[in-house]
Every structure is written in C-alpha cells, then in structure tokens.
Amino acid sequence: MSSDSVAVVSNEPIRLGVVGTGYVGLTTGACFAHLGHHVVCGDVDERKVRLLNDGHIPIVEDGLEAIVNDARAAGRLEFVLGAESAAADADIVFLCVPTPQGDDGSADLSYIEQAAAQIAPVVKPGAVVVNKSTVPVGSTIAVERVLQRSDVRVVSNPEFLREGTAVHDFLHPDRVVIGSADRGAAERVAELYASIDTPILITDPASAETIKYAANGFLAMKVSFVNAVAAMCEAVGADVAAVVEGIGSDQRIGGQFLRPGPGWGGSCFPKDSRALVKIAEDHGYNFAMMRGVIDVNDEQLERMVAKISAAVGRAGDDLAGVTVGALGLTFKAGTDDLRESPALFIIAELRRLGATVRAYDPTTVGELTPHQKAVLAGIELVDDPLEVADGADVLALFTEWPDFAKIDLGRLVARLPRPVTVVDTRNLLDPALVREAGLGYDGVGRR
Ligand code: NAD
C-alpha cells in the first residue's frame, strides 16, 4: 500500500486501553481522554499506578497534570494495574511499553511481546492493537504472531512527541503516521485524531516503522552535524551562532535542531540510532552515515570531558583532587528524564578520572525515586544551584534549564574558592557577563 492522506470526519468517543503509563503512555492516555475518548491506562508498576490514582503525576511534563486531573474529574481516564485490565474493554489498545537497546544494538522487543501475550486472552473480538512504542520493521507482524488472534488487527502508530513539550506535541502534531495492511483498521485509529487539525498519513506497517527511525536518525544527524561544525568553528576561529544563523536561514536547511551542545542523549536517540544501523545491517545495508552520526556524538561527549579537564589545567587523564560543580543532570530541560543523559555520561567519565562531582538539578531536589537513586549514586547532590560552587575547581553547565541563564553570578563567584572557568556545554550563558564576573568561559563553538 502506498502512503496516503485521509480526511477524518468522525468524532465519536471510543474506548481505549493504554498499556504502559510512562512518558508516552501517560501522555497518550491523558491526551486522548482530553479529546473526549474514554481511556483506561494500565501499568505493571504498582507504585506508579498508586501515585496516579492518588492524583500525583510521576513525571515532570508541562501541562500533563492539568489534563490528567480534568479527564479524571470528567470520568474519562482511569488507572489500573496490569495490561489485561487496561485492554479488556477497549476497542483500541495502545502498546506504550519500553523498547530498550538490546546487547547487539537492536531494539529489545521483550516488553512488547510480553504485553501482547498478556492482553491476548482478554482483548475484545474486532479490537485493534496499536504499536505506539518505537519498534523495528516487522514488529506489527511480530505482535500479530504473539496475539494469535485472527479477529484482532495490529496497526503501527509511532509517536513523535518530545519530552518537555509532550502534551503540546501530542495535541498539535506535525503529522500522524498510521501503518496497517488493513485500511479499515487504520481508519479506526485515524478517527481518534479526528478533532486534531493535522495531516494523517496512512501507509503500510514497514513504512510507518521506518518513518519513526528515519525521523529520529535525521534529527540526531542534524545535532551531530552542528556539533561537528562547532568543533570546526573552534579550530578555525569562527563563531557557531553566526554560522548557524547563516546556514539555518536557507529554507532547504532550516534553523531548527541546529543547536550545539554536549552531544545528544535521552531515552530515544541513542537507542534508536543504533537500532536503525542494526535494522539496516540485518537487511543487508551498511548505513555508514548513521554510524558516523553516532561516532560524532561519542566524540562530542569526550570533547566536553576534555574541555572540563583543560579548564583545570589537566590536559591528561588525571582529575584526582578536582571538584566539578555541575549545573543540570537531565538530558534536556523541561523533563526529569535522566536516561542516557549526556550530563551523566560526562560526569561518569570525570569521576572515572578521579574528580568529585557536586551537582544541582531542579528535578533531583528532595526525595529521589529508586531510579534516580541508582543512576545518581556517587554524585553529591545539592538543593540550591549556588551550592555547586562550594569548593569547585571548575563549573560545568550541562542542562539548558532557563533558570541557569539567570543565575546570580556575583553570588556564585562569592562562594567559589577562587575564580574558575565555566564550561557551558549548552551555550546558555552570556560569555561577556561571565567574564565580567571574573570567571573564565568556554562554550561550544563560540569564539
Ligand atoms: P517509559 O519507560 O517511560 O514507560 C514505559 C512504561 O511501560 C513503564 O511505566 C513500565 O512500567 C510499563 N510497562 C512495561 N511493561 C508493561 C506491561 N507488560 N504492562 C503494563 N505496563 C508495562 O517509556 P517511554 O519513554 O514512555 O517509551 C515507551 C516507548 O515509546 C518506547 O518504545 C520509546 O522508544 C517510545 N517513544 C518514547 C518517546 C519519549 O520521548 N520518551 C517519544 C516517542 C516514542
């Protein structure tokens, strides 16, 4: 089937089940309930379900709490334990479970297969099961195989939301992609988005699955490209901001996603870029360009470690006795997600070289979740951004939280043992102001 845009007219509420209430599942469930559908969200994590039923949102995501509360008050959104309870009464079931990186770089489909096996006995005849998780080509068929239900259709509907703006992105998408071998099933899923003004692209499952990986691969490529350009700017004495303005104003290139930084991370790009390479390899194609994109990113992370080492005059690999004050831990601003955060990679490397790291992030103040405790072990966490300056030999800004741009440099300097360099991996601070405060400044590709 070739791709095709459809005009969706129906606005009937539909009963939905959502399996997995993480960043994607909770946003999907809450947004569909907000659009008027009846949604039951299920998760295997008892703590999460309890929190949600007590009115707490387990993640940091702008606008999510409000639509969850409204939808619950309207009786359109429920949280239950387990995939089965979410799927039992649903006309359409969304699988929003993790697809982490497997040992060989491929996407690990075990959560998807497990969820499919759990819902198989309970899903209603005639229901549609939707892969919203990011899954490799062939996963629609893989889920059909696990379900063993000839009366149930499986459809691919990849999600493109960004953490930090997830609710906005879900409700105002650039497009909705639906992949199915069954036109009727695809149109039933398309109906769910009827009240959203966006192009809906219906295509075959392999194309829908490929679109998601290709989109993430392309975005990762843009960031790696601009980071490589930033490295070049440093070498030739150019300024990356001017270069980005110059190239981004060409409409064929576009200025979005051309922000230099410490390297990309997060829950999607690292695993999806590697999965893309692996999917291509499994089908006989060497996706050399994507390998290059990943290599440039690995180099970028290492370059940030080198910048911090250079800032304390340690060009080699020994950082014993050095204290690094770190601003930001999450992989980007607006989320509490620490998965594959560039900050954590760089900090791990600094600690491996002997440094002590004292860090502040607005999402790690107060009681930590078990996951936070595990991934932040060994980092000294403080409750105030100024506290990272205490005893610091160098300051490093890792996450572009807007408040860091407004940090009181005078008070920061007052807490430092002596003037140090700020390594601003996000180009967030004004170099002139930092220097005026008596500190050194090093950004990414900035002259
Ligand atoms: P997540 O880890 O935040 O959430 C997954 C949830 O699924 C967890 O709460 C987990 O307890 C639950 N779960 C696992 N197995 C289950 C089962 N059998 N039954 C019920 N619940 C189960 O993951 P996420 O970030 O929401 O990502 C989910 C999928 O969406 C992944 O494939 C990811 O690549 C994709 N995706 C993520 C984003 C993003 O920005 N996070 C964006 C687009 C697509």
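Our structure's up above, just so we're on the same page.
A short tour of the structure in this document, coming up. (Residues numbered from 1 in each chain as written. Predicted model: local features only at pLDDT ≥ 70, side-chain atom pairs only at ≥ 80, totals over all residues. Heavy atoms only, no water.)

**Looking at helix H5 (residues 110-119)**
Among the residues of H5, those classed as buried are Ile112, Ala115, Ala116 and Ile119. The buried residues of H5 occupy an angular sector of 100 degrees when the element is viewed end-on, so they sit on one face. The inward-facing, buried residues of H5 contact strand S2 (15-19), helix H4 (83-87), strand S5 (92-95), strand S6 (128-131) and helix H6 (139-147). (Buried < 20%, exposed > 50% of the residue type's maximum accessible area, 1.4 Å probe, protein only. Helix = DSSP H or I, 4+ residues; strand = E, 2+ residues; numbered from the N terminus. Arc of directions from axis to C-beta. Contact = heavy atoms within 4.5 Å.)

**Thoughts on the site of the ligand**
Among the 28 residues in the neighbourhood of the ligand, the closest are listed as Asp43, Lys48, Thr99, Glu163 and Lys271. One nitrogen or oxygen atom from the main chain of Val24 is found 2.8 Å from an oxygen atom belonging to the ligand. In the model, a nitrogen atom of the ligand is placed 2.8 Å from a nitrogen or oxygen of the Gln118 side chain. A total of 830 Å² of accessible area belongs to the ligand in isolation, and the protein chains cover 92% of it. Every element with two or more residues in the shell around the ligand is listed here: helix H1 (23-34), strand S3 (38-43) and H5. (Near = heavy atom within 4 Å. Polar contact = N/O pair within 3.5 Å; in protein donor to acceptor, adjacent residues only side chain to side chain. Areas by Shrake-Rupley, 256 points an atom, 1.4 Å probe, with all protein chains shown as cover.)

**Topic: the nonpolar core**
A general trend in soluble globular proteins is that nonpolar side chains are found buried together. Ranked by internal contacts, the top residues of the largest apolar core, which has 41 residues, are Leu64, Leu77, Ile92, Phe94, Ile178 and Tyr193. With six residues, H1 is the largest single contributor of residues to this core. Residues within four places of Leu77 in sequence aside, it is in contact with Gly29, Ala30, Ala33, Val39, Cys41, Val68, Ala71 and Arg72. Counting 34 residues, the second largest nonpolar core, distinct from the first, contains Cys233, Val240, Leu344 and Val394. (Core = buried A, V, L, I, M, F, W, Y, C linked by side-chain atoms within 4.5 Å.)

**Thoughts on the environment of Gln251**
One can find Gln251 in the loop between helix H10 (240-248) and helix H11 (269-282). In this structure Gln251 comes out as exposed when scored by relative accessible area, which is 80%.

**Here we look at unusual backbone geometry**
Not every positive phi belongs to a glycine, and Phe257 is a case in point at roughly 65 degrees. Here Phe257 shows up in the loop between H10 and H11. Although it is not a glycine, Asn427 adopts a positive phi angle of roughly 50 degrees. Residue placement: Asn427 occurs in the loop between strand S14 (421-424) and helix H17 (431-436). A residue is classified by how much of its surface remains accessible, and Asn427, at 14% relative accessible area, is buried.

By themselves, these figures tell us nothing about what the structure is for.
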